[in-house]
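Fold and contact review
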Amino acid sequence: MSSPDASMSESGAAAWSDACRLQDLACLYTGYADYAQHLDLGEKWPVRWSTTWKFGRTPTSNPVRDLADVDILRSVPVRRFTWRTGQHHRPGLEYLVTTDRHHGFESYEEECLLLVSDFAAGLAEALSQPFRLRFYAGGREVNHTPDFLLMTESGPFLVDVRPADRIRSEDALKFAATSEIALATGWRYGVVTGWHRHVLETVDALSAERRSLTDPLGIHRQLHAALEYGPLPYGDLVDRCVLPAVARAHVLHLLWHRHLGVDLSVPFGDECLIRLAPSGHSSEEW
């Protein structure tokens, strides 16, 4: 398992933000694979195991075998988000640019997952507390509600979020069961324990300018022209524009939307190299 403080690149190569996916930025726990042997995975397990979804106020249960037929995008969180005095976790609502609405989370770690997913997951939709899984292990019934189901350009990505030092054996068993249903359905699955070094601070900084910006001064064209011959340090890049202070906001905006890229393996600042995304965006497309 990767440490949250580990660099994304053992070789020291740049980790360009415009090319990174969620799984490239996250520290992923894989120790749950050792617990698969404790699951009751007989011949008919996809029929015995089930998922419960909510559509409006009505919960509906389906065998795991039929999971691919569920109308996922019509569902609502299977568990309500609650706020009360004295609770130990920190729930709330996080706005995502991708969906243009707020999504529920139950902890600071889950809030971070939503933020980074909005930036790096190629999102189409994000479902919080999407369903309750009922599975069997050692002859007993166990329930688990995954934290998020991310609908991405490369397919559904089921995600649980748990700091590494808080994963107990019963959690690992639930993750192993969730991994099995994701595999059976053709989904990806991951348990996010943290983020590689510098990722969260940089993505949080970029998010300050993720909403739409107007460009009456033609800053985008100036940035594009300055970067045509290769990457430049952030401070040097904005100094080549007519109003450097305004250019700073536009660089953050273009970084968030992946028209530009920055090296996520180093602290974000004036010395960070900024490049044009190699996908061929022109300044007119910005």
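Described below are features of the structure shown in this document. In this text the structure is predicted, and so the values were computed from the model without any measurement.

**Quick look at the pattern of salt bridges**
Throughout the structure, instances matching the rule amount to 12 salt bridges. The salt bridge partner of glutamate 106 is arginine 79, with a shortest N-O separation of 3.1 Å. Remark: arginine 79 occurs in the loop between β3 (58-63) and β4 (92-96) and glutamate 106 occurs in the loop between β5 (101-105) and α3 (108-120); sequence separation between them is 27 residues. Judged by relative accessible area, glutamate 106 falls into the buried class, the value being 17%. Linking arginine 101 and glutamate 125 is a salt bridge whose minimum nitrogen-to-oxygen distance equals 2.8 Å. Remark: glutamate 125 occurs in strand β6 (residues 123-128) and arginine 101 occurs in strand β5; sequence separation between them is 24 residues. The exposure class of arginine 101 is partly exposed, given its relative accessible area of 37%.

**A closer look at α3**
Its 13 residues give α3 an end-to-end C-alpha distance of 18 Å, which sits within 8% of 18 Å, the value for a rise of 1.5 Å per residue. Listed in full, the buried residues belonging to α3 are Glu110, Glu111, Cys112, Leu113, Leu114, Leu115, Val116, Ser117, Asp118, Phe119 and Ala120. Directly after α3, the chain includes glycine 122, whose backbone phi takes a positive value near 60°.

**Side note on the layout of surface pockets**
Computed from the structure, the largest pocket encloses a volume of approximately 420 Å³. Taken together, 21 residues make up the lining of the largest pocket; nearest its centre are Glu106, Glu110, Asp147, Arg162 and Arg166. In this structure, the second largest pocket is lined by 19 residues; those nearest its centre are Ala120, Ala121, Gly122, Leu123 and Glu153. Those elements that place two or more of their residues in the lining of the second largest pocket are α1 (22-25) and α3. Ranked by residue count, the leading element in the lining of the second largest pocket is α3, at three residues. Each residue belonging to the lining of the second largest pocket can be placed in one class, and the counts come to eight nonpolar, six polar and five charged.

**Considering the packing of helix α6 (residues 219-227) against helix α8 (residues 244-256)**
Between α6 and α8, the least distance of the axes is 10 Å, while the angle of their chain directions is 75°. Relative to α8, α6 is oriented roughly perpendicular. Together, Ile219, His220 and Leu223 of α6 and Val246, Ala247, His250, Val251 and Leu254 of α8 make up the contact between the two elements. Looking at the contact of α6 with α8 residue by residue, the classes come out as six nonpolar, two polar and no charged.

**Comments concerning the environment of arginine 90**
The residue arginine 90 is located in the loop between β3 and β4 in this model. Measuring from C-alpha to C-alpha, the distance between arginine 90 and phenylalanine 105 comes to 8.2 Å, with 15 residues separating the pair along the chain. Beyond its immediate chain neighbours, meaning those up to four positions away, arginine 90 contacts Phe105, Glu106, Ser107, Tyr108 and Glu111.

About the criteria used
Residue positions are given per chain, counted from 1 along the sequence in the order it is written. Per-residue local features are limited, in this predicted model, to residues with pLDDT of at least 70; the limit for side-chain atom pairs, both in listing and counting, is 80 or more; totals at the level of whole chains, interfaces and linings are taken over all residues. Side-chain measures were taken over the full set of non-hydrogen atoms in the model, leaving aside hydrogen atoms and water. Any carboxyl oxygen of Asp or Glu within 4 Å of a side-chain nitrogen of Lys or Arg constitutes a salt bridge here. Note on conventions: DSSP H or I runs of at least 4 residues are helices, E runs of at least 2 residues are strands, and numbering of each starts at the N terminus. Between buried and exposed lies partly exposed: a residue is buried under 20% and exposed over 50% of the maximum accessible area for its type, with that area taken using a 1.4 Å probe on protein chains only. Expected helix span is taken as 1.5 Å per residue step, with the number of steps being one fewer than the number of residues. A 1.4 Å probe that fits into a set of points on a 1 Å grid over the protein atoms alone but cannot get out defines a cavity; an open set with protein on both sides within 12 Å along at least five of seven lines defines a pocket, and lining residues are those with an atom within 4 Å of a point. Grid points are joined across faces, edges and corners, and a volume is the space filled by probe spheres set on the points. Three classes are used: nonpolar for Ala, Val, Leu, Ile, Met, Phe, Trp, Tyr, Cys and Pro, charged for Asp, Glu, Lys and Arg, and polar for all others, with Gly counted as polar. Inter-axis angles, ranging from 0 to 180 degrees, are taken between N-to-C directions of lines fitted to C-alpha atoms, where helices are fitted over the stretch in contact. For classification, angles of less than 35 degrees are called roughly parallel, those exceeding 145 degrees roughly antiparallel, those between 65 and 115 degrees roughly perpendicular, and all remaining angles oblique. Here a residue-residue contact requires only that any non-hydrogen atoms of the pair lie within 4.5 Å.

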